[in-house]
Structure formats: C-alpha cells, structure tokens
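Spelled out, the chains give:
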Amino acid sequence: MAERMLQFVRLSQQTPEKREPTIRREDFDEIYARFDPARASEQASRCSQCGVPFCSVHCPLQQNIPDWLKLTAEGRLEEAYEVNSATNTFPEICGRVCPQDRLCEGNCVIEKGFESVTIGAVERYINDTAWEKGWVKPPTPVRELAHSVAIIGAGPAGLAAAEKLRTMGWQVHVYDRYDRAGGLMIYGIPNFKLEKDVVTRRTAQFEQGGITFHLNAEIGRDVTLEDLRTKHDAVLIATGVYKARDIAVPGAHLEGVVPAMSFLTASNRKGLGDDVPEFDSGALNAHGKRVVVIGGGDTAMDCLRTSIRQGAASVTCLYRRDKANMPGSMREVHNAEEEGVRFAWLSAPDAFEGDTHVTGVRVTKMHLGLPDATGRQQVEPIPGSEFTEPADLVIKALGFDPENLPKMFDEPGLAVSRWGTLTVDRRSMMTSLPGVFAAGDIVRGASLVVWAIRDGRDAADRIAEYVRTRDAVPQAAE
C-alpha cells in the first residue's frame with residue numbers, strides 16, 4: 001500500500017470546510033465541518049512516512065501519527081482508531097482543541113511549499129467515526145483488583161489517570177467540586193471549539209466502565225485528604241489551576257471588570273441549560289456591550305469569540321506585544337479576526353476608568369526593545385502615547401495560578417514550589433505525602449489539554465508501580 005502515501009506532491013493541503021464568519025458568529029456550533037471519507041483518506045495519504053516523524057516527537061503523547069494516517073489512507077479506519085486510542089485517552093477532544101499548528105502539524109517535515117498534513121482534522125474524523133460505529137468501549141478490566149485510588153479533579157489529567165487505572169482493574173473514585181465531570185473541557189472551552197456532548201458521552205462511558213464519580217465534593221469541606229488517604233491505596237491530585245491572575249492597576253475592582261473563567265463558565269453553563277443569574281442580569285453577558293479582553297493566550301481568544309457570539313457591540317483585544325509574539329494559537333487569532341474581533345497590538349492597560357462601573361481602559365502604546373536573558377524582547381512604553389479604549393465589560397485573561405492547596409485541603413504537609421504548584425518527585429510523581437501523587441497543571445502550571453492527558457496517563461503508571469512495589473516488600477512485624 002506504499003503507493004497510497006507520499007501524495008503531497010500531487011494533492012494540496014485541504015482543511016475541513018469552515019462555516020462563513022457571518023454565519024458562525026450567530027451561534028455556538030463548531031465552526032469546522034467533518035471530512036467526508038474520501039477527503040480524509042486523500043489528506044491522510046499526503047503523509048510522507050518519514051524516517052524520523054517529527055509530528056510524533058512534538059506530540060506530548062508521542063502518538064504513532066504516521067501509522068494511523070497510513071491506515072486511514074488505506075480505508076482501515078477501525079485499525080487507525082485502535083492505534084490512535086492506544087496512546088490517547090481523548091483523541092476526539094485533542095483533534096478539536098490541540099494547537100496542532102504549534103505541535104504535530106507545525107513540525108511536519110513535508111517541505112513547506114507543500115504544507116503540512118492536516119493531522120488534527122483526520123484525528124477528529126477517525127474518532128467521530130469510531131463513536132458512530134460503536135468501536136469506542138468503556139474501560140473494562142480483564143480482572144478486578146482490590147486496589148483503590150482517589151482522584152481529586154475530574155479534568156483531563158484526572159480522567160486520563162482514572163481510565164488507565166480502571167483498565168488495569170483498579171477501583172477508581174473521582175472527586176470533583178463541580179456538578180459535572182470534565183473540568184475546563186466542560187466549563188472553560190466554548191462549544192464552538194468543543195461541543196459538550198463530546199465530553200459528556202466520554203464521562204458517561206467511564207461510569208459504565210465502573211469509575212465512580214463523587215461530584216459537588218470539595219476536599220477540605222465535604223471530605224478530608226486524610227480520609228481519602230486512609231480509605232484508598234493511593235491518592236492523585238489533579239485539580240488544575242483555577243486562580244485567575246490579576247492586574248495591579250487602579251480601578252481593577254470596578255464593576256464590569258471580570259475574570260475570564262467566570263465569564264466563560266457563565267456562558268457554558270447557559271449553553272448547558274443551567275440557571276445562571278449573573279448571565280441573565282448582564283454582569284457576565286457581553287450582549288450590546290463594548291468588550292475589551294486583556295491577554296493574548298487561548299483563553300483570551302475564547303473570551304473574544306464568545307463575546308462576538310453573545311452579540312457584543314464591539315470586541316477589542318489588548319495585547320502588550322505584537323502578533324508574532326502571541327502565546328495563543330495563530331489559527332485561533334485568525335478565526336477571531338475573521339469573526340470581527342479588533343486586535344490592539346503593543347497596547348498595555350494602565351488603569352480602568354469609571355466611578356462604580358467601568359467605562360474605559362486607559363492604555364499606553366508599547367514597543368519591543370532588546371531581548372532579555374531568555375531571548376524574548378522586552379516591552380517598553382512609548383512616552384505620550386496614552387489613550388482611552390471605551391469599555392462596558394473588561395475581561396481579564398492573563399493566565400492562571402494554583403490555588404493554595406495546603407490551606408484548602410487543610411494539609412500543611414503538602415509541599416509547594418515558589419509558584420504555588422505542588423512539588424513532586426519527578427520520577428515517581430509523588431508529592432511530599434507518601435502515597436499522594438499529583439499530575440497535570442497543578443504540577444506543570446497552566447498548560448494544554450494534551451499535556452494534562454500525558455501527565456495523567458504517566459501518573460497512573462507510577463501509582464500502579466508504587467503499589468506493586470509496596471506489596472512486594474514484606475511488612476515488618478509490629
């Protein structure tokens with residue numbers, strides 16, 4: 001079947017059709033259509049099957065991408081799904097939300113005159129087909145084990161670990177303070193990037209496989225960490241990072257200046273059919289307002305594009321560096337520009353204006369200076385360049401920091417780094433407390449869904465190894 005591959009020399013790169021901006025800005029539906037089977041096979045056949053697959057090297061999960069592209073090109077979709085899902089707990093989600101332009105596709109070795117393989121769209125096609133055909137099965141073990149684990153946090157890291165340990169036969173209990181499992185995949189990522197039934201069908205299947213969810217359960221309030229350590233063989237902390245970074249300028253506490261996660265959660269809850277008073281009152285609703293979003297990452301892009309869909313009068317992004325230095329996906333920036341977002345590059349907020357409610361943002365224009373020790377250019381203000389950007393709603397999307405877990409969990413023995421992330425042994429992934437492990441953003445800092453999946457899967461292996469080793473060592477007689 002080798003002749004089916006290396007078709008990049010005659011087939012141009014084609015991504016799935018994208019709905020017109022004027023249409024897609026009116027709803028929260030996903031913006032990309034699915035590949036049809038012929039198009040998916042064609043695009044997969046563009047893979048060069050190179051000797052050193054940099055797409056795999058630059059995927060945090062080290063997926064066997066050339067293998068499942070080749071199987072897709074040959075029409076062997078069920079096998080493609082098996083290879084893909086062997087290394088990825090949520091391939092249908094990664095196909096939608098991964099910044100492929102920075103990871104696998106961005107490192108495709110096909111000469112750039114031909115453009116990279118559309119890996120993410122093919123991955124989504126494989127897995128949506130797998131769900132439709134019934135190939136995706138609950139995580140059922142070959143045999144049950146007596147070992148049990150408590151996983152704190154039902155986001156991608158916690159769920160990836162839960163699935164892997166359950167497949168090994170462990171009794172898995174997942175605790176989450178929210179009323180739905182999924183973490184940021186449910187409440188942080190908007191529907192136009194990840195429709196919620198894609199997440200809920202997966203968590204429902206985990207329940208079918210025997211994973212027990214304890215929702216609305218806050219550690220330190222409803223159950224203690226010590227209780228979990230007593231009841232289970234191991235505990236995994238995978239809470240993510242939710243504390244919004246603030247901006248220390250005058251007027252930061254005016255009404256109408258809100259954190260990004262509060263805004264996105266209200267929008268997602270409304271889409272899920274929940275009663276959301278803050279949305280209905282207009283406090284977390286962009287409709288008819290002049291919206292200013294501060295920040296340049298993917299969360300900022302989510303806020304900008306959500307505001308457009310809510311019917312904002314205008315939507316502006318303030319970012320202190322230029323477009324080339326944006327930390328967010330360039331694909332997302334392009335989508336936002338298409339949908340009507342205005343970007344004010346090299347613009348830094350100095351203060352928020354208004355008496356009780358924000359009316360504007362005082363901004364200073366910046367320029368890029370010499371690189372610092374890290375090689376990144378410094379930003380410096382341009383004297384006399386101040387102006388005011390009118391605003392009725394300001395959304396702060398400046399990133400996330402860890403919450404104070406030792407205090408929240410009432411466990412002062414839980415060691416943290418100077419950034420507030422949990423300190424773990426890098427090989428065992430164990431915290432300062434024996435039998436308590438940590439994975440995902442609470443260790444790494446705010447990062448990508450795909451890295452959380454990698455960390456969760458690794459943590460599952462370390463937990464299983466820890467218990468095997470513990471049980472193999474004879475206990476001293478008391």
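Note that the coordinates shown come from a computational prediction; the quantities given were computed from them, not determined experimentally. (Residues numbered from 1 in each chain as written. Predicted model: local features only at pLDDT ≥ 70, side-chain atom pairs only at ≥ 80, totals over all residues. Heavy atoms only, no water.)

### Details of helix H10 (residues 196–208)
Under the 1.5 Å per step criterion, the end-to-end length of H10 is 19 Å for 13 residues, consistent within 8% with the ideal 18 Å. Listed as buried for H10 are Lys 196, Val 198, Val 199, Arg 202, Thr 203, Gln 205 and Phe 206. Residues of H10 that are buried sit in contact with helix H6 (91–97), helix H7 (119–133), helix H8 (156–168), helix H9 (184–187), strand E3 (212–214) and helix H12 (260–271). Directly after H10, the chain includes Gly 210, whose backbone phi takes a positive value near 105°. (Helix = DSSP H or I, 4+ residues; strand = E, 2+ residues; numbered from the N terminus. Expected span 1.5 Å × (residues − 1). Buried < 20%, exposed > 50% of the residue type's maximum accessible area, 1.4 Å probe, protein only. Contact = heavy atoms within 4.5 Å.)

### Some remarks on the pairing of strand E2 (residues 171–175)
Sheet topology places strand E1 (residues 148–152) next to E2; five bridges connect them, and they run parallel. If you follow Ala 150 over to E2, its bridge partner there is His 173. For the crossover from E1 across H8 to E2, the handedness is right-handed. Bridging between E2 and E3 involves three bridges; their strand directions are parallel. Across the sheet, residue Tyr 175 finds its bridge partner in E3, namely His 214. (Pairing = 2+ DSSP bridges. Right-handed = clockwise from strand over helix to strand, strands pointing away.)

### What to know about the pattern of salt bridges
If you walk through the whole model with that rule in mind, you get 43 salt bridges. For Glu 226, the salt bridge identified is with Arg 229, shortest N-O distance 3.8 Å. Here the residue Glu 226 and the residue Arg 229 both occupy positions in helix H11 (residues 225–231), the gap between them amounting to three residues, near one helical turn. A relative accessible area of 41% means that Glu 226 is categorised as partly exposed. Since its relative accessible area comes to 24%, Arg 229 is described here as partly exposed. (Salt bridge = Lys/Arg side-chain N within 4 Å of Asp/Glu carboxyl O.)

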